[in-house]
Amino acid sequence: MHTLQQPVTCELNIKNSRFLGRVEPVLSLEDGLQRLAALRQQHPGAAHVCHCLLVGGQVRMSDDGEPGGTAASPMLNVLQHKELDNILATVVRYFGGVKLGAGGLVRAYTQAVSDALKGAVLERVRVLASATIELDFAHESLTRRMGEAQGIQMQFSYGQRVTVRLEGEQQELEHFLAELQEHTCGAVTVK
(Lines give C-alpha, C1' and ligand atoms only; values in the text may rest on other atoms or scores of the structure.)
Protein backbone atom coordinates (compact mmCIF):
# COMPACT_ATOMS: atom_id res chain seq x y z
CA MET A 1 0.00 0.00 0.00
CA HIS A 2 1.09 3.56 -0.69
CA THR A 3 0.24 7.07 0.41
CA LEU A 4 1.25 10.48 -0.87
CA GLN A 5 4.30 12.47 0.13
CA GLN A 6 2.31 15.71 -0.11
CA PRO A 7 -1.17 16.95 -1.10
CA VAL A 8 -2.11 17.23 -4.78
CA THR A 9 -4.95 19.25 -6.33
CA CYS A 10 -6.76 19.91 -9.58
CA GLU A 11 -9.62 22.07 -10.82
CA LEU A 12 -12.21 21.11 -13.42
CA ASN A 13 -14.94 23.19 -15.02
CA ILE A 14 -17.77 21.07 -16.44
CA LYS A 15 -20.94 22.76 -17.75
CA ASN A 16 -20.45 25.80 -15.52
CA SER A 17 -19.86 23.69 -12.37
CA ARG A 18 -16.47 24.04 -10.73
CA PHE A 19 -14.90 20.91 -9.17
CA LEU A 20 -11.90 21.33 -6.85
CA GLY A 21 -10.20 17.97 -6.34
CA ARG A 22 -7.71 17.40 -3.55
CA VAL A 23 -5.96 14.22 -2.39
CA GLU A 24 -3.76 14.35 0.70
CA PRO A 25 -1.99 12.03 3.13
CA VAL A 26 -3.47 11.69 6.64
CA LEU A 27 -2.17 10.08 9.82
CA SER A 28 -5.50 8.84 11.24
CA LEU A 29 -9.27 8.97 10.81
CA GLU A 30 -9.38 11.85 13.29
CA ASP A 31 -6.74 13.76 11.31
CA GLY A 32 -8.73 13.24 8.10
CA LEU A 33 -12.01 14.37 9.69
CA GLN A 34 -10.33 17.51 11.06
CA ARG A 35 -8.96 18.36 7.60
CA LEU A 36 -12.42 17.78 6.11
CA ALA A 37 -13.99 20.16 8.67
CA ALA A 38 -11.36 22.81 7.84
CA LEU A 39 -12.08 22.40 4.11
CA ARG A 40 -15.82 22.93 4.70
CA GLN A 41 -14.99 26.18 6.53
CA GLN A 42 -12.81 27.33 3.61
CA HIS A 43 -15.67 26.76 1.13
CA PRO A 44 -18.91 27.85 2.85
CA GLY A 45 -20.59 28.64 -0.49
CA ALA A 46 -19.93 25.25 -2.06
CA ALA A 47 -22.94 23.16 -3.06
CA HIS A 48 -21.20 19.89 -2.09
CA VAL A 49 -18.03 18.80 -0.30
CA CYS A 50 -17.78 15.09 -1.09
CA HIS A 51 -15.08 12.97 0.44
CA CYS A 52 -13.53 9.55 0.74
CA LEU A 53 -11.24 8.80 3.69
CA LEU A 54 -9.14 5.61 3.79
CA VAL A 55 -7.03 4.78 6.86
CA GLY A 56 -5.73 1.34 7.71
CA GLY A 57 -8.36 -0.31 5.54
CA GLN A 58 -11.21 1.63 7.19
CA VAL A 59 -13.36 3.76 4.89
CA ARG A 60 -15.44 6.86 5.61
CA MET A 61 -17.15 8.57 2.71
CA SER A 62 -20.00 10.90 1.85
CA ASP A 63 -21.79 12.05 -1.30
CA ASP A 64 -22.81 15.19 0.67
CA GLY A 65 -26.18 15.60 -1.04
CA GLU A 66 -25.23 14.39 -4.51
CA PRO A 67 -27.33 11.42 -5.73
CA GLY A 68 -26.22 8.23 -3.95
CA GLY A 69 -23.24 6.48 -5.52
CA THR A 70 -22.30 9.34 -7.87
CA ALA A 71 -19.47 10.97 -5.89
CA ALA A 72 -17.80 9.12 -3.02
CA SER A 73 -17.95 5.62 -4.55
CA PRO A 74 -16.23 6.69 -7.79
CA MET A 75 -13.61 8.52 -5.70
CA LEU A 76 -13.05 5.37 -3.62
CA ASN A 77 -12.67 3.28 -6.78
CA VAL A 78 -9.81 5.52 -7.97
CA LEU A 79 -8.02 5.31 -4.60
CA GLN A 80 -8.40 1.53 -4.39
CA HIS A 81 -7.27 1.06 -7.99
CA LYS A 82 -4.08 2.98 -7.14
CA GLU A 83 -3.70 0.88 -3.93
CA LEU A 84 -3.62 3.96 -1.69
CA ASP A 85 -4.17 4.13 2.07
CA ASN A 86 -3.90 6.83 4.74
CA ILE A 87 -5.54 9.16 2.23
CA LEU A 88 -8.25 11.81 2.20
CA ALA A 89 -9.76 12.61 -1.19
CA THR A 90 -12.14 15.56 -1.38
CA VAL A 91 -13.99 17.24 -4.20
CA VAL A 92 -15.61 20.61 -3.59
CA ARG A 93 -18.36 21.39 -6.11
CA TYR A 94 -19.67 24.83 -6.90
CA PHE A 95 -22.91 24.21 -8.84
CA GLY A 96 -23.11 26.05 -12.15
CA GLY A 97 -26.83 25.69 -12.82
CA VAL A 98 -26.68 22.77 -15.28
CA LYS A 99 -27.50 19.27 -14.03
CA LEU A 100 -24.97 16.68 -15.14
CA GLY A 101 -27.00 13.52 -14.56
CA ALA A 102 -25.73 10.46 -12.70
CA GLY A 103 -23.24 9.45 -15.39
CA GLY A 104 -21.88 12.97 -15.69
CA LEU A 105 -21.41 13.22 -11.92
CA VAL A 106 -19.59 9.87 -11.76
CA ARG A 107 -17.24 10.99 -14.55
CA ALA A 108 -16.65 14.40 -12.94
CA TYR A 109 -15.82 13.06 -9.47
CA THR A 110 -13.66 10.27 -10.91
CA GLN A 111 -11.77 12.74 -13.08
CA ALA A 112 -11.26 15.23 -10.23
CA VAL A 113 -9.47 12.60 -8.14
CA SER A 114 -7.63 10.99 -11.07
CA ASP A 115 -6.35 14.31 -12.42
CA ALA A 116 -5.14 15.37 -8.97
CA LEU A 117 -3.22 12.08 -8.62
CA LYS A 118 -1.38 12.57 -11.94
CA GLY A 119 1.17 14.78 -10.17
CA ALA A 120 1.39 12.68 -7.00
CA VAL A 121 4.61 11.30 -5.54
CA LEU A 122 3.86 8.03 -3.74
CA GLU A 123 5.57 6.48 -0.75
CA ARG A 124 5.05 3.21 1.05
CA VAL A 125 2.63 3.30 3.99
CA ARG A 126 4.46 2.65 7.23
CA VAL A 127 2.44 0.55 9.65
CA LEU A 128 3.74 1.32 13.14
CA ALA A 129 3.49 -1.00 16.13
CA SER A 130 4.65 -1.10 19.71
CA ALA A 131 5.39 -3.74 22.33
CA THR A 132 6.74 -4.01 25.85
CA ILE A 133 9.18 -6.72 26.83
CA GLU A 134 10.88 -7.84 30.02
CA LEU A 135 14.28 -9.46 30.12
CA ASP A 136 17.16 -10.27 32.40
CA PHE A 137 20.01 -7.76 32.77
CA ALA A 138 22.29 -10.20 30.96
CA HIS A 139 20.33 -9.64 27.72
CA GLU A 140 20.19 -5.83 27.86
CA SER A 141 23.25 -5.09 25.69
CA LEU A 142 22.20 -7.68 23.08
CA THR A 143 18.73 -6.09 22.94
CA ARG A 144 20.22 -2.61 22.51
CA ARG A 145 22.56 -3.70 19.70
CA MET A 146 19.88 -5.61 17.81
CA GLY A 147 17.27 -2.88 18.25
CA GLU A 148 19.59 -0.12 17.07
CA ALA A 149 20.68 -2.19 14.06
CA GLN A 150 17.04 -2.69 13.03
CA GLY A 151 15.87 0.89 13.68
CA ILE A 152 13.64 0.03 16.64
CA GLN A 153 12.96 2.85 19.12
CA MET A 154 13.60 1.66 22.68
CA GLN A 155 12.93 3.06 26.16
CA PHE A 156 14.54 1.15 29.01
CA SER A 157 13.40 1.09 32.63
CA TYR A 158 14.91 -0.92 35.44
CA GLY A 159 13.51 -2.91 38.34
CA GLN A 160 14.14 -6.54 39.23
CA ARG A 161 14.27 -7.09 35.48
CA VAL A 162 14.74 -4.75 32.52
CA THR A 163 11.53 -3.48 30.93
CA VAL A 164 11.81 -2.16 27.38
CA ARG A 165 9.13 -0.25 25.48
CA LEU A 166 9.61 -0.85 21.74
CA GLU A 167 8.26 1.08 18.75
CA GLY A 168 8.86 0.67 15.05
CA GLU A 169 7.44 -0.49 11.76
CA GLN A 170 5.29 -3.56 12.32
CA GLN A 171 7.28 -5.97 10.13
CA GLU A 172 10.63 -4.88 11.54
CA LEU A 173 9.32 -5.08 15.11
CA GLU A 174 7.94 -8.60 14.57
CA HIS A 175 11.24 -9.69 13.01
CA PHE A 176 13.21 -8.10 15.88
CA LEU A 177 11.11 -9.88 18.55
CA ALA A 178 11.44 -13.27 16.81
CA GLU A 179 15.19 -12.83 16.41
CA LEU A 180 15.59 -11.68 20.02
CA GLN A 181 13.66 -14.70 21.30
CA GLU A 182 15.91 -16.97 19.25
CA HIS A 183 19.14 -15.34 20.51
CA THR A 184 17.99 -15.45 24.16
CA CYS A 185 16.54 -18.99 23.97
CA GLY A 186 13.06 -17.63 24.77
CA ALA A 187 14.15 -15.71 27.88
CA VAL A 188 12.31 -12.52 26.82
CA THR A 189 8.75 -11.98 28.05
CA VAL A 190 6.48 -10.03 25.73
CA LYS A 191 3.80 -8.16 27.68
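Criteria and thresholds
- Residues numbered from 1 in each chain as written.
- Predicted model: local features only at pLDDT ≥ 70, side-chain atom pairs only at ≥ 80, totals over all residues.
- Heavy atoms only, no water.
- Pairing = 2+ DSSP bridges.
- Helix = DSSP H or I, 4+ residues; strand = E, 2+ residues; numbered from the N terminus.
- Axes fitted to C-alpha atoms, helices over the stretch in contact; angles between N-to-C directions.
- Contact = heavy atoms within 4.5 Å.
- Buried < 20%, exposed > 50% of the residue type's maximum accessible area, 1.4 Å probe, protein only.
- Arc of directions from axis to C-beta.
- Core = buried A, V, L, I, M, F, W, Y, C linked by side-chain atoms within 4.5 Å.
- Expected span 1.5 Å × (residues − 1).

(A) Structural view of the sheet that holds strand 5 (residues 58–62). Read across the open sheet, the five strands follow the order 2-3-6-4-5; overall the sheet is antiparallel. A strand with exactly one partner marks an edge of an open sheet, and here the two such strands are strand 2 (8–14) and strand 5. With direction set aside, neighbouring strand axes in the sheet form an average angle of 10°. As paired elements, strand 4 (residues 48–55) and strand 5 share five bridges and run antiparallel to each other. Paired with leucine 54 across the strands is valine 59, a residue of strand 5. Against the sheet, helix 3 (residues 101–117) makes contact with strand 2, strand 3 (17–25), strand 4 and strand 6 (87–94), and its axis sits at roughly 145° relative to strand 2, the strand it touches most.

(B) Here's a closer look at helix 4 (residues 140–149). Taken together, the buried positions of helix 4 are occupied by Glu140, Leu142, Thr143, Met146 and Gly147. Taken down its axis, helix 4 places every buried residue within 160° of arc, on the same side. Exposed residues on helix 4 whose side chains face more than 90 degrees from its buried face are Arg145, Glu148 and Ala149. Residues of helix 4 that are buried in the fold lie against strand 8 (128–135), strand 9 (153–158) and helix 5 (170–183). Of the residues one or two after helix 4, glycine 151 is the one with positive phi, at around 75°.

(C) Just unusual backbone geometry, in detail. Although it is not a glycine, lysine 15 adopts a positive phi angle of roughly 50°. The topology assignment puts lysine 15 in the loop between strand 2 and strand 3. Even without glycine at this site, asparagine 86 takes up a positive phi of about 55°. Inspection of the secondary structure puts asparagine 86 in the loop between helix 2 (72–81) and strand 6. Among the residues examined, asparagine 86 registers a relative accessible area of 16% and is labelled buried.

(D) Expanded view of the pairing of strand 9. Strand direction decides the pairing type here: strand 9 and strand 10 (residues 162–169), joined by six bridges, are antiparallel. The residue of strand 10 that forms the bridge with phenylalanine 156 is valine 164.

(E) Seen up close, the pairing of strand 2. Sheet analysis places strand 2 next to strand 3, joined by seven bridges and oriented antiparallel. For glutamate 11, the partnering residue across the bridge sits in strand 3 and is leucine 20. The turn joining strand 2 and strand 3, which pair antiparallel and follow one another in sequence, is formed by two residues; a positive phi near 50° is taken by lysine 15.

(F) Region of interest: the nonpolar core. Grouped together as the largest cluster of nonpolar side chains are 27 residues, with contacts concentrated most on Val23, Met75, Leu79, Tyr109, Val113 and Leu117. Every element with two or more residues in this core is listed here: strand 2, strand 3, strand 4, helix 2, strand 6 and helix 3. Among all residues touching valine 23, those that are not within four sequence positions of it are Leu4, Gln6, Pro7, Val8, Leu79, Ile87, Leu88, Ala89, Val113, Ala116 and Leu117. Core analysis: the second largest hydrophobic core is formed by 16 residues, Ala131, Leu135, Leu142 and Met146 among them.

(G) Spatial organisation of helix 1 (residues 29–42). With 14 residues, helix 1 should cover 20 Å at 1.5 Å per step; its first-to-last C-alpha distance of 20 Å lies within 8% of that length. Those residues of helix 1 lying buried are Leu29, Asp31, Gly32, Leu36 and Leu39. Viewed end-on, helix 1 has its buried residues packed into an arc of 160°, placing them on one side of the element. Away from the buried face of helix 1 by more than 90 degrees, exposed residues Glu30, Gln34 and Gln41 are located. Buried-residue contacts for helix 1 involve strand 4, strand 5 and strand 6.

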